[in-house]
Amino acid sequence: MPQPGWAAFSFEGIGTAWEISTPGPLDTGQRRRLLDVVEDYDAAWSRFRTDSLVAQAAREAGRYQMPDGAGALGRLYRSLYRLSAGAMTPLIGGSLEQLGYDADYSLRSRGTPLPAPPWDDVLDWQDTVLTTMAPVVLDVGAAGKGQLADLLAAELRSQGVSEHFIDASGDLLNSGPARVAVGLEHPYDPGRAIGTINLGAGALCASAANRRAWGDGLHHVLDGTTGTPVRTVIATWALAGNAMTADALATALFFVSGKALEQDFEFSWLTVFSDGSAAYSAGFEGVLFE
């Protein structure tokens, strides 16, 4: 709980646990409107339900009208696709399914890793309109949870709830002004921390190879150019002004150095490598344990 005495609203959404903390309890109508935001997002972007727009795009090529916010999501992905030379892509869904991270959570590899298709060959993303030239399995999980946190924060503000703290299974969004002490989870031992950070207004998002891992060394952070899991990085943290950007950059750090990303984005960061070393930005205000 970010502040003593704050009330918490907990729920499940887009396949993960959420907790929204506010100075006073939210009434039934406020909670319902928040859950409607979650449902609308899931109905558009989930590849784990058969009735979503993304599921339709996986079945047939066509023109898909996505909800508000799709333009910002697409521009962010396009920028990171360019900076990562195609390694970070919203077209990674088929690669994940190939390795067993599919709608049925089979967690059984179907064979040789499958690279994601080149963006310009199969997808035209213009603001809220997606046009696919072939059936494609989109997966916006690298930024989607963060974007949903931002949308929930916007809904809270529209309700007059300016102070709030959103915990999306460890991805955090703080409206401020009070800082919240946060432990940085050890990538090999969830019960330990490798450091701490005091989160002020803004978002802190993390990505780690130990989350959503299965089989023989398989995990969810795949290189789109090869369809294989990244091996050189094991955990990342990104701090930014909004959760969508922080969420996306936490994944981008698996493919692109933080210093390179700083040329295009205003954020601070920490990357932990598989050899035990770490790199971090000058503005990263966390404390790492010895």
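In the block above lies the structure referred to throughout.
Read on for a plain summary of the structure. If you're wondering where the values come from, they're calculated on a predicted model, not measured in any experiment.

**Let's talk about the sheet that holds strand β8 (residues 180-186)**
Consideration 1: In space, the 3 strands of this open sheet follow the order β8-β9-β18, with antiparallel pairing throughout. In the strand order of this sheet, the two ends are held by β8 and β18 (287-288), each with one partner.
Consideration 2: Summarising the sheet, β8 and strand β9 (residues 189-199) pair through 7 bridges and their orientation is antiparallel. Bridged to L184 within β9 is G195.

**Re helix α6 (residues 141-158)**
Consideration 1: Helix length check: α6 (18 residues) gives 26 Å between terminal C-alpha atoms against 26 Å at 1.5 Å per residue, within 8%.
Consideration 2: Judged by how many residues are buried, α6 sits mostly within the fold: 13 of 18 residues are covered.

**Observations concerning the nonpolar core**
Consideration 1: If you look at the biggest cluster of nonpolar residues, it comprises 65 residues, and the most contacted ones within it are W45, L73, L80, W125, L152, I166 and F267.
Consideration 2: Once residues within four sequence positions are removed from consideration, F267 is found in contact with A238, L239, A240, L249, L253, G258, L261 and E262.
Consideration 3: I197, W237, L270 and V272 belong to the second largest nonpolar core, which has 18 residues in total.

**Side note on the pairing of strand β16 (residues 268-273)**
Consideration 1: Counting buried positions along β16 gives 5 out of 6 residues, so the element sits mostly inside the fold.
Consideration 2: For strand β15 (residues 233-240) and β16, the ladder comprises 6 bridges, and the chain directions are antiparallel. Bridged to T236 within β16 is T271.
Consideration 3: Examined bridge by bridge, β16 and strand β17 (residues 278-280) share 3 bridges and lie antiparallel to one another.

Quick notes on the rules
- Residues numbered from 1 in each chain as written.
- Predicted model: local features only at pLDDT ≥ 70, side-chain atom pairs only at ≥ 80, totals over all residues.
- Heavy atoms only, no water.
- Pairing = 2+ DSSP bridges.
- Helix = DSSP H or I, 4+ residues; strand = E, 2+ residues; numbered from the N terminus.
- Expected span 1.5 Å × (residues − 1).
- Buried < 20%, exposed > 50% of the residue type's maximum accessible area, 1.4 Å probe, protein only.
- Core = buried A, V, L, I, M, F, W, Y, C linked by side-chain atoms within 4.5 Å.
- Contact = heavy atoms within 4.5 Å.

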